[in-house]
Protein chains: 2
Amino acid sequence: MSTPAALTWSTTNCPVGRAMDILGESGTVIVLREIFNGVRRFDLMQRHSGLSRAVLSHRLALLVEHGIVHRVAYRDPGERERHEYRLTTRGFDLQPVMVALADWGGKHLSGPEGPAVEVEHRDCGARTHVALVCEEGHVIDRLRDVRTRPGPGAMPT
Amino acid sequence: MSTPAALTWSTTNCPVGRAMDILGESGTVIVLREIFNGVRRFDLMQRHSGLSRAVLSHRLALLVEHGIVHRVAYRDPGERERHEYRLTTRGFDLQPVMVALADWGGKHLSGPEGPAVEVEHRDCGARTHVALVCEEGHVIDRLRDVRTRPGPGAMPT
DNA sequence: CACCCTACGTCTGTTTGACAGACTCAGGTG
DNA sequence: CACCTGAGTCTGTCAAACAGACGTAGGGTG
């Protein structure tokens, strides 16, 4: 406790820090929520999310710049060509983050009536949550059973 | 696609939105990273995280206000009484969020040398990640096998 | 006792970014 | 042609982050 091991390596290339450089910008996660829920067009997103048009525009540009979403042209009958925003593979990989956030918010920040959304397994309809699993296949339920360690890219302080 | 189901319910009590009201404040997740890594004292946190003292102070107050961390008095030999910040149960429940962020950042935002930190299973030492599991016990690997649906607290738009 | 040190913040002035709301622009409709 | 809609951009105001200085409480040192 006196000298935590984490102090011996640098935070300059911390994965959490790098992720938050993108996801920590105001509104980024809200935009992703909309897109994960199938809302892909600017105006619908703006109205449903409540973000200002300027912030939505900037966050979409940020997400495109980082390869998390991409613009796809489409054309409704009798309309001109427009663009919508879809997740890339990199963006889809954020799903565990979104589900983890929904789990926590649903458990700790809901009113007495329960959470406003749930995640379901499409095959069986059961509620779905995130869990920690190790590469040996153990499902870890006691949170104290995991710890962080430096990885191959770790740099000393 | 034309009318996404998500548009039929309100976002006012969305668990993701409520979670981000706290975690989306600049620096909140970085503070949590430090505390999860065992860095619990103000000065060490400030130096290791690189946050300004003012922001660190405000974010710690926010986390205490929401019951995610609490201040605990301690006394080193020959020192005066001080306080450190520790996770509450509610704070510890954020571990899947942190691991999900580390997973994604490590996979998509690391240099060629690999991620700077990894999470290990304390018992077997294997690398640990988050996964989606449903209440029927299925481990879900294809991300498209899950979808969101309104929960008991859902409100119409 | 006077002074210094350390941990833990708070204060100040500057700059960045969010907000509400108006404006722009392109293409299609009546 | 005048108007509508989707998708942004611009403007002025206000809140918050930044770097860096300052404050303060309690202990140790000469």
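Residues numbered from 1 in each chain as written. Chains lettered and ligands numbered in written order. Predicted model: local features only at pLDDT ≥ 70, side-chain atom pairs only at ≥ 80, totals over all residues. Heavy atoms only, no water.

Outline the overall build of chain A, listing residues and values.
Looking only at helices and strands, chain A has six helices and six strands in total. For 157 residues, the compact-globule formula gives about 15 Å, and the C-alpha radius of gyration of chain A, at 19 Å, lies well above that figure. Overall, chain A is about 65 × 40 × 30 Å in size when its C-alpha atoms are taken along their principal axes. Counted over contacts in chain A with a minimum sequence separation of 6, partners at least 24 positions apart contribute 48%. Surface accessibility of chain A: about 7600 Å² in total, with carbon and sulfur atoms responsible for 50%. The centroid of the 20 positive side-chain charges in chain A is displaced by 4 Å from the centroid of its 19 negative side-chain charges. (Helix = DSSP H or I, 4+ residues; strand = E, 2+ residues; numbered from the N terminus. Rg over C-alpha atoms; globule rule 2.2 N^0.38 Å. Contact = heavy atoms within 4.5 Å. Areas by Shrake-Rupley, 256 points an atom, 1.4 Å probe, with all protein chains shown as cover. Lys, Arg positive; Asp, Glu negative; His and termini not counted. Charge placed at Lys NZ, Arg CZ, Asp CG, Glu CD.)

How would you explain the domain arrangement of chain A if you had to name every residue and give the values?
All names here are of chain A. Assigned domains of chain A: these are domain 1 (1-93) and domain 2 (94-144). Computed from C-alpha coordinates alone, the two centres of domain 1 and domain 2 are separated by 21 Å. Opposite the 10 residues of domain 1 that make contact, domain 2 presents five residues. For the pair domain 1 and domain 2, the summed buried area comes to about 590 Å², and 77% of that belongs to carbon and sulfur atoms. At the boundary of domain 1 and domain 2, one finds zero salt bridges. Contributions of two or more residues to the side of domain 1 that touches domain 2 are made by α2 (28-36) and α5 (89-92). Among the elements that line the side of domain 1 that touches domain 2, the one with the most residues is α2, at four residues. Looking at the side of domain 1 that touches domain 2, its residues break down into six nonpolar, one polar and three charged. (Domains from an automatic or database assignment. Buried area = accessible area lost by both parts, 1.4 Å probe. Salt bridge = Lys/Arg side-chain N within 4 Å of Asp/Glu carboxyl O. Nonpolar A, V, L, I, M, F, W, Y, C, P; charged D, E, K, R; others polar.)

Give a detailed account of the packing of helix α1 (residues 15-23) of chain A against helix α6 (residues 95-108) of chain B, specifying residues and quantitative values.
Across the interface, α1(A) lies against α6(B) with an axial gap of 7 Å and an inter-helix angle of 90°. Classified by the interaxial angle, the pair formed by α1(A) and α6(B) is roughly perpendicular. Facing P15(A), V16(A), A19(A), M20(A), I22(A) and L23(A) of α1(A), the residues of α6(B) in contact are M98(B), L101(B), A102(B), W104(B), G105(B) and G106(B). Broken down by class, the residue content of the contact of α1(A) with α6(B) amounts to 10 nonpolar, two polar and no charged. (Axes fitted to C-alpha atoms, helices over the stretch in contact; angles between N-to-C directions. Parallel < 35°, antiparallel > 145°, perpendicular 65-115°, else oblique.)

Before we move on, can you summarise the protein's contact with DNA strand D with the specific residues and values?
Taken together, the neighbourhood of DNA strand D is formed by 18 residues, with R53(A), S57(A), Y85(A), V55(B) and R75(B) sitting nearest. The share of sugar and phosphate among atoms of DNA strand D within 4 Å of the protein is 66%. Between DNA strand D and Y85(A), the relevant distance is 2.9 Å, taken from a phosphate oxygen to a side-chain nitrogen or oxygen of the residue. Contacts to DNA strand D include G78(B), whose backbone N or O atom sits 3.3 Å from a sugar or linking oxygen. Only α3 (42-49), α4 (53-65), β1 (69-74) and β2 (82-87) of chain A together with α4 (53-65) of chain B provide two or more residues apiece to the surface near DNA strand D. In terms of residue class, the surface near DNA strand D is made up of five nonpolar, five polar and eight charged. (Near = heavy atom within 4 Å. Polar contact = N/O pair within 3.5 Å; in protein donor to acceptor, adjacent residues only side chain to side chain.)

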